[in-house]
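# Coordinates in review
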Amino acid sequence: MSKWMGAAMLAFAGCMASVPAHAGDLECKMNFNLSGWSIFYQTATGSGTVHCSNGQSMSVHIRVKGGGLTFGKSQITDGVGKFSGIGSISEIKGHYADAGVHAGASSSAGARVMTKGNVSLALSGTGKGWDLGVAFGAFIIE
């Protein structure tokens, strides 16, 4: 009997090792650069790289679109984004809801949190330029 019990325990352990992670278990971080302008319509483009705790990585293209009472020109270098609520690196791509009040001149630092369903993205970075306004729009990762 103990021989069969040992074989059953090994088989069970093998099955448990192949169970996928639950949604939200993966930690991913994005390093990015972004630059753009706004005159009522806000637009920016950039690029970055996402690295996850499971060893996966992916290059991404970033676009920001929106509008509101806003004007200015800005550039973010060495920005950092931290994702939460994801189970796979493929869940990172898409449109994140974005809204905010902003004002800055010369050098500035900032942070912002956006959502896409259950996925959250917290952005932080430093930049230069000038801007002023209230804007609503989308932060798009492709």
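In what follows, the structure referred to is the one given above.
A brief structural summary. (Residues numbered from 1 in each chain as written. Predicted model: local features only at pLDDT ≥ 70, side-chain atom pairs only at ≥ 80, totals over all residues. Heavy atoms only, no water.)

Our focus in this paragraph is the packing of aromatic side chains. Under the definition given, this model contains one aromatic pair. Here F83 and Y96 contribute two aromatic rings whose centre-to-centre distance is 6.3 Å and whose plane-to-plane angle is 55°, an arrangement assigned as tilted. Residue F83 is found in strand β2 (residues 57-86), and its partner Y96 is found in strand β3 (residues 94-116); the two are separated by 13 residues along the sequence. Here F83 matches Y96 in class, with each residue buried. (Phe/Tyr/Trp six-rings, centres within 6.5 Å; stacked < 30°, edge-to-face > 60°. Helix = DSSP H or I, 4+ residues; strand = E, 2+ residues; numbered from the N terminus. Buried < 20%, exposed > 50% of the residue type's maximum accessible area, 1.4 Å probe, protein only.)

Evaluated as defined, the whole model comprises one salt bridge. Linking E142 and R63 is a salt bridge whose minimum nitrogen-to-oxygen distance equals 2.9 Å. Here R63 lies in strand β2 and E142 lies in the segment after β4 (119-141), a separation of 79 residues in the sequence. Residue class for R63 comes out partly exposed when judged on its relative accessible area of 23%. (Salt bridge = Lys/Arg side-chain N within 4 Å of Asp/Glu carboxyl O.)

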